[in-house]
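A closer look at the structure
Now for the letters of each chain:
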Amino acid sequence: MKKLFILVLALCLAALPALAEAAAEPDAVSSASVNDFYGDGILTGDDLMNAINAYSGFYAVASVNEDGTPNLGFYIYGCVKLEETYYLQLGLSPNQTTANVDAGSELVAMYAALPAEGATYPTSGARMQLSKVTDDALIEQLLQFAPQGYTPMYYEITSVRSLG
């Protein structure tokens, strides 16, 4: 009986590193929605930019609060292309999302086109991983696309995935 107990204890101890790794914080962006149900409806490149700039559809920006809880906001934003890179143009008044940005939160955005005629929900659009633009010279170039008197934040679109 002692030998069995020692064997079980040894197996449990051997499994601890694997359990600790499994308990590590997951990468929510790459692990979320691993099934791609709407891959045919993904918008990318100029198609995505033009759809966003048509200002019809559903827009959202997600950030993380300082306590680790999610923050999701409904914001209408624009998209700008400079050379071959796309940037989201976010005009946010001071709120929880801007507080999260100031605290270093990454942002993820979602754009879903209006459902096609006869459809009950959107299947065309994109989820976008964003990276804040901090280069002052690049920001000056991007501000040339902003309406006069409008000083948005700019985020490079670093990856695009389907809606789900």
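Residues numbered from 1 in each chain as written. Predicted model: local features only at pLDDT ≥ 70, side-chain atom pairs only at ≥ 80, totals over all residues. Heavy atoms only, no water.

1. Digging into the overall build of the protein chain
Rules: By the criteria applied, helices consist of DSSP H or I runs no shorter than four residues and strands consist of E runs no shorter than two, each listed in order from the N terminus. The rule is simple: take the accessible area with a 1.4 Å probe, protein chains only, and divide by the maximum for that residue type; under 20% is buried, over 50% is exposed, in between is partly exposed. In this description, contact between two residues means that some pair of their heavy atoms is separated by no more than 4.5 Å. Per-residue and other accessible areas follow the Shrake-Rupley method at a 1.4 Å probe size, with only the shown protein chains counted as cover for residues.
Looking only at helices and strands, one finds five helices and seven strands in the protein chain. The order of α-helices and β-strands along the protein chain, N terminus first, is α-α-α-β-β-β-β-α-β-β-α-β. Within the protein chain, the fraction of its 164 residues that count as buried is 32%. Sequence-distant contacts, at least 24 apart, represent 66% of the contacts inside the protein chain between residues at least 6 apart. Roughly 10,600 Å² of accessible area belongs to the protein chain as shown, and the carbon and sulfur atoms make up 58% of that amount.

2. Brief notes about the pattern of salt bridges
Convention followed: Salt-bridge detection follows one rule: a side-chain nitrogen of Lys or Arg within 4 Å of a carboxyl oxygen of Asp or Glu.
Here the structure, examined in full by the defined rule, presents two salt bridges. Close ionic contact of D46 with K81 constitutes a salt bridge, the shortest N to O distance being 3.2 Å. Of this pair, D46 sits in helix α3 (residues 45-53) while K81 sits in strand β3 (residues 78-82), and the two are 35 residues apart along the sequence. Two residues, K81 and E84, come together in a salt bridge whose shortest N-O distance is 3.8 Å. For K81, a relative accessible area of 25% puts it in the partly exposed group. Beyond isolated ion pairs, a larger network of salt bridges with shared partners links D46, K81 and E84.

3. What about the confidence of the model for the protein chain?
Just so we agree on the cut-off: A residue's pLDDT is the predictor's confidence in that residue, given on a scale from 0 to 100.
Residues of the protein chain with pLDDT of at least 70 account for 76%, and the chain-wide mean is 82. Scored below 50 in pLDDT, residues 1-13 makes zero contacts in the model with residues more than four places away or belonging to other chains.

4. Some details on α3
Worth spelling out the cut-off: Directions from the helix axis toward the C-beta atoms define the arc.
Of all the positions in α3, only L48, M49, A51 and I52 are classed as buried. Buried residues of α3 fall within an arc of 165 degrees about the axis and therefore sit on the same side. For α3, the secondary structure elements touched by its buried residues are β1 (58-64), β3, β4 (85-90), β5 (108-112), β6 (125-132) and β7 (153-161). Following α3 by one or two positions, Y55 has its phi on the positive side, about 55 degrees.

5. A short note on the nonpolar core
Cut-off, in case you're wondering: For the purposes of this section, nonpolar cores are sets of buried Ala, Val, Leu, Ile, Met, Phe, Trp, Tyr and Cys residues that join through side-chain atoms within 4.5 Å.
With 24 residues, the main nonpolar core has I52, Y77, L88, Y111, M128 and L130 as its most contacted residues. Listed by contribution, the elements that provide at least two residues to this core are α3, β1, β4, β5, β6 and β7. The element best represented in this core is α3, accounting for four residues. Apart from residues lying up to four places away in sequence, L88 is in contact with I52, Y77, G78, C79, A109, M128, L130, M153, Y154, Y155 and I157. By size, the runner-up hydrophobic cluster in this structure holds eight residues, among which are V80, L82, L142 and A146.

6. A few points about the sheet that holds β7
Backbone hydrogen bonds are what pair the strands of a sheet, in a parallel or an antiparallel way. The test is simple: By this definition, two strands are paired if DSSP reports at least two bridges between them. Lines are fitted to the C-alpha atoms to define the axes, a helix being fitted only along its stretch in contact, and any angle between axes, read from their N-to-C directions, falls within 0 to 180 degrees.
The antiparallel open sheet is built from seven strands, whose spatial order is β2-β1-β5-β6-β7-β4-β3. The sheet is open, and its two edges are formed by β2 (70-73) and β3, each paired on a single side. When the angles between neighbouring strand axes are averaged without regard to direction, this sheet yields 35 degrees. Note that β4 and β7 share four bridges and pair antiparallel. Its bridge partner being in β7, Y87 is matched across the sheet by E156. Against the sheet, helix α5 (residues 136-143) makes contact with β3, β4 and β7, and its axis sits at roughly 115 degrees relative to β3, the strand it touches most.

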